[in-house]
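Summary of the model geometry
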Amino acid sequence: MDKQSSIRNSWGGGGTDIDIVIMGFKALIGSEYVFKNVEITVNIKIHCCLQKTGREKFESAESTQNVCIALVQKCTIILFGFYHLRKVSWLSKKDGPEYQEVLLEMTGQRTVPNVFVNKTHVGGCDKTMQAHSDGLLQKLLTGDKEDYEYDLIVIGGGSGGLACSKEAAALGKKAMVLDYVVPTPKGTTWGLGGTCVNVGCIPKKLMHQTALLGTALQDSRKFGWEFDETVKHNWDTMKTAVNNYIASLNWGYRVQLRDKNVTYMNSYAEFVEPHKIKATNKRGKETFHTAAKFVLATGERPRYLGIPGEKECCITSDDLFSLPYCPGKTLVVGASYVALECGGFLAGLGLDVTIMVRSILLRGFDQDMANRAGAHMEEHGVKFIRRFVPTKVEELEKGEPGRLKVTAKSTETDEVIEGEYNTVLIAVGRNACTSKIGLDKAGVKVNEKNGKIPVNDEEQTNVPHIYAIGDILEGKLELTPVAIQAGKLLARRLFGGSSVKVFHTLFWPLEFTVPNRDNNKCYAKIICNKLDSDRVVGFHYLGPNAGEVTQGFGAAIKCGLTKEQLDSTIGIHPTCAEVNEACITILSDVTQD
């Protein structure tokens, strides 16, 4: 067994009789309040790793031992690290930095004190005191642990939830995922995978690609292609192809969960106790399940305006991508990126599109860029109605599509306007799906204004055993890759360690420059093992000739390619493969998260 494995096993994997571990001298001071108020009813061994700094000097190891004994009575004290009172075979003074690095991998915590109780990571001083006040500390000290059905239950089967559950299972934990889609007012529902896969990034990009193909037809004339046929687009063909692909992804996720031994339930989950949930399937059957830890990954759903006729007559992005008919003349209400993206590709399909904006485009984004995007859309046929908001939507004629009348009022004057459209798409923002999952019964604090959940830097809520990831977090980025990475890292912090660096870059292939399309849309990424000289262990490439490019890097990776060697490679110019030597921007450093 190598040294790092030995360290990990001794701290968290068995093979030792350590009951409490305290790293850092501050733990001795900061934990005094906690431990002097805890009735110790079992014999406990404590390991203290002390760091010597200018502020933390000790006259002798004996005085340090006396401090420990004063804090925790009736305990056998063993000190190691910079002050050895007893020789520990797998740790010596020179191992300190490596020891600390392994702890960082296991816990994601850089600061001291770093407290473990019965091989369970509690955290720093504040969390240790919180555990004391919650009664958790006494349970850990006395071994009074409840036998739960699962190690981890994830509520929400989106990108983050799936990543977290699969990673936990890969680390040997018993995990469950519950996912249930409440139908939209139009009755739309979908399968496993969350917003991105079903009604977000994936179908949006495929429909955007459909619009780009139309643009490519026009570009091709500049390269000498000549054709006279009338080009038309068939919505039903596109919709069917997109939905078939999404269905294959839904099935693939279920297969992955099965292969990873993750229990999946298509049921609506809500807490009934801090460690217990009720799961209700579509037939109304209820089951109950318990877990030691929970991860909330419920995501968001589109927000409505609260005006007459909207839910009866309008659709949202949850409905658009599986709409059984071409939407025709469309009014998009909102200035979010969802509004602009949907309006953009609908216009690219040749539809008459108007976007109604209450104030500014893309609030919270760089306004120079937002206004440039708006100007570009106007130049390409999208109409904007600025400083107006809808007040009422009425159905004039049924059909697929039907005919709707929209009444809107100016935000600056008393002016009222009316317009007729075939489809009205509301895209004014999204609400976190947290109000109906029983968080009050679990004691989880929620921002009542927006439904978002405040968490600390480790995605932990105010309830120590309940965590949250993804779009429901307050003040965090609402992005699929962020949720995926957060889910993986959270599982690793809770149940194991990792040592990965990820480098990435965007690039613009030469062949895309003449038609002036897809600038900086292609992407390359490498994954390196930090503890093995940054050896490249993964390679991802999104761009032209992917097979040929990947084949060459595959051979280099098999030969033990490192990041340093990749950086020193002179590229063959001009090629797409050369951009990979420029993959120097750190996307994520797992051991430092």
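Here the structure is a predicted model, which is why all the values come from computation and not from measurement. (Residues numbered from 1 in each chain as written. Predicted model: local features only at pLDDT ≥ 70, side-chain atom pairs only at ≥ 80, totals over all residues. Heavy atoms only, no water.)

A closer look at the confidence of the model for the chain
Of all residues in the chain, 74% have pLDDT values of 70 or greater, and the mean over the chain is 81. Predicted confidence is poor over residues 10-18, with pLDDT under 50, and the contacts of this stretch with residues over four places away or in other chains come to 22 contacts. Taken as a whole, residues 584-593 scores under 50 in pLDDT and shows 38 contacts with residues more than four places along the chain or in a different chain. (pLDDT = per-residue confidence, 0-100. Contact = heavy atoms within 4.5 Å.)

Details of the packing of helix H10 (residues 201-222) against helix H11 (residues 235-259)
A packed helix pair is summarised by two numbers, namely the angle formed by the two axes and the spacing between the axes. Taken N-terminus to C-terminus, the directions of H10 and H11 make an angle of 145°; their axes are 10 Å apart at the nearest point. Along this stretch, H10 crosses H11, giving a crossing that reads as right-handed. Together, Ile202, Pro203, Leu206, Met207 and Thr210 of H10 and Trp235, Met238, Val242, Tyr245, Ile246 and Leu249 of H11 make up the contact between the two elements. Broken down by class, the residue content of the contact of H10 with H11 amounts to 10 nonpolar, 1 polar and no charged. (Axes fitted to C-alpha atoms, helices over the stretch in contact; angles between N-to-C directions. Helix = DSSP H or I, 4+ residues; strand = E, 2+ residues; numbered from the N terminus. Left-handed = near helix turned anticlockwise from the far one by under 90°. Nonpolar A, V, L, I, M, F, W, Y, C, P; charged D, E, K, R; others polar.)

Structural notes on unusual backbone geometry
Among all residues except glycine, the phi angle is most often negative; among peptide bonds, the trans geometry is most common. Residue glutamate 400 is joined to proline 401 through a cis peptide bond whose omega torsion reads 0°. Mapped onto the fold, proline 401 is located in the loop between strand S16 (388-397) and strand S17 (403-410). The backbone of leucine 362 sits at a positive phi, close to 50°, despite the residue not being glycine. Along the chain, leucine 362 turns up in the loop between strand S14 (353-357) and helix H15 (367-379). The class of leucine 362 is buried, set by a relative accessible area of 12%. Phi at asparagine 520 takes a positive value of approximately 55°, unusual for a residue other than glycine. (Buried < 20%, exposed > 50% of the residue type's maximum accessible area, 1.4 Å probe, protein only.)

What to know about the nonpolar core
Ranked by size, the top nonpolar core spans 59 residues in total, and within it Trp235, Val295, Leu320, Phe345, Val353, Ile355 and Phe384 carry the most contacts. Setting aside anything within four residues of it in sequence, one finds phenylalanine 345 in contact with Lys204, Met207, His208, Ala211, Leu320 and Phe321. Counting 25 residues, the second largest nonpolar core, distinct from the first, contains Met265, Phe294, Ala432 and Val455. (Core = buried A, V, L, I, M, F, W, Y, C linked by side-chain atoms within 4.5 Å.)

A look at the sheet that holds strand S18 (residues 416-421)
In spatial order, the strands read S16-S17-S18; together these 3 strands make up an open sheet with antiparallel pairing. Because the sheet does not close on itself, it has two edges, and the strands there are S16 and S18. Within this sheet the neighbouring strands show an average axis-to-axis angle of 20°, counted without direction. In this structure, S17 lies alongside S18, joined through 6 bridges in antiparallel fashion. From the neighbouring strand, threonine 407 faces S18, where its bridge partner is glutamate 418. (Pairing = 2+ DSSP bridges.)

Overview of the packing of helix H8 (residues 159-170) against H11
It is at 10 Å that the axes of H8 and H11 come closest, and there the two elements cross at 20°. The angle between the axes of H8 and H11 places the two elements in the roughly parallel class. Between H8 and H11 the crossing geometry is left-handed. Judged by residue contacts, Leu162, Ser165 and Lys166 of H8 engage Tyr253, Gln256 and Leu257 from H11. A per-class count over the contact of H8 with H11 returns 3 nonpolar, 2 polar and 1 charged. (Parallel < 35°, antiparallel > 145°, perpendicular 65-115°, else oblique.)

Observations concerning the packing of aromatic side chains
Counted under the stated rule, the structure contains 7 aromatic pairs. Counting every residue linked through ring pairs, the aromatic cluster contains Phe507, Phe539, Tyr541 and Phe553. When the ring centre of tyrosine 421 is taken as reference, the NZ or CZ atom of lysine 329 above it lies at 5.3 Å. Sitting above the plane of the phenylalanine 384 ring, arginine 386 keeps its charged end 4.9 Å from the centroid. (Phe/Tyr/Trp six-rings, centres within 6.5 Å; stacked < 30°, edge-to-face > 60°. Lys NZ or Arg CZ within 6 Å of the ring centre and 35° of its normal.)

Some thoughts on the pairing of strand S6 (residues 150-155)
Across the 6 residues of S6, 5 count as buried, placing the element largely inside the fold. In the sheet, S6 pairs with strand S11 (residues 286-296) via 5 bridges, with the strands oriented parallel. The residue bridging valine 154 from the neighbouring strand is valine 295, located in S11. Pairing analysis gives 4 bridges linking S6 to strand S7 (residues 175-178), with the strands arranged parallel.

What about H10?
An ideal rise of 1.5 Å per residue puts 32 Å on 22 residues; H10 measures up with 31 Å between its terminal C-alpha atoms. Each element contacted by the buried residues of H10 is listed here: helix H9 (194-199), H11 and helix H14 (337-348). Glycine 224 sits one or two residues past H10 and shows a positive phi near 100°. (Expected span 1.5 Å × (residues − 1).)

A few points about the environment of glycine 381
In this structure, glycine 381 sits in the loop between H15 and strand S15 (383-386). With a relative accessible area of 47%, glycine 381 lands in the partly exposed category. C-alpha of glycine 381 to C-alpha of glycine 344: the two residues are 37 residues apart in sequence and 9.3 Å apart in space.

Considering the sheet that holds S15
The strand order across the open sheet built from 4 strands is S15-S14-S13-S19, with neighbouring strands paired in parallel fashion. Every interior strand has two partners, whereas the edge strands, S15 and strand S19 (423-426), have only one. Each neighbouring strand pair of the sheet contributes to a mean axis angle of 20°, computed without reference to strand direction. Note: strand S13 (residues 330-333) against S19, 4 bridges, orientation parallel. What sits directly across from leucine 331, in S19, is valine 424. The sheet strands contacting H14 are S13, S14, S15 and S19, and the helix crosses S14 at an angle near 165°.

What about the side chain of serine 165?
Within the fold, serine 165 resides in helix H8. A distance of 3.0 Å separates a polar side-chain atom of serine 165 from the backbone oxygen of leucine 162. If near-sequence neighbours (up to four positions away) are discounted, serine 165 is found in contact with Val154, Ala175, Val177, Leu257 and Val262. (Polar contact = N/O pair within 3.5 Å; in protein donor to acceptor, adjacent residues only side chain to side chain.)

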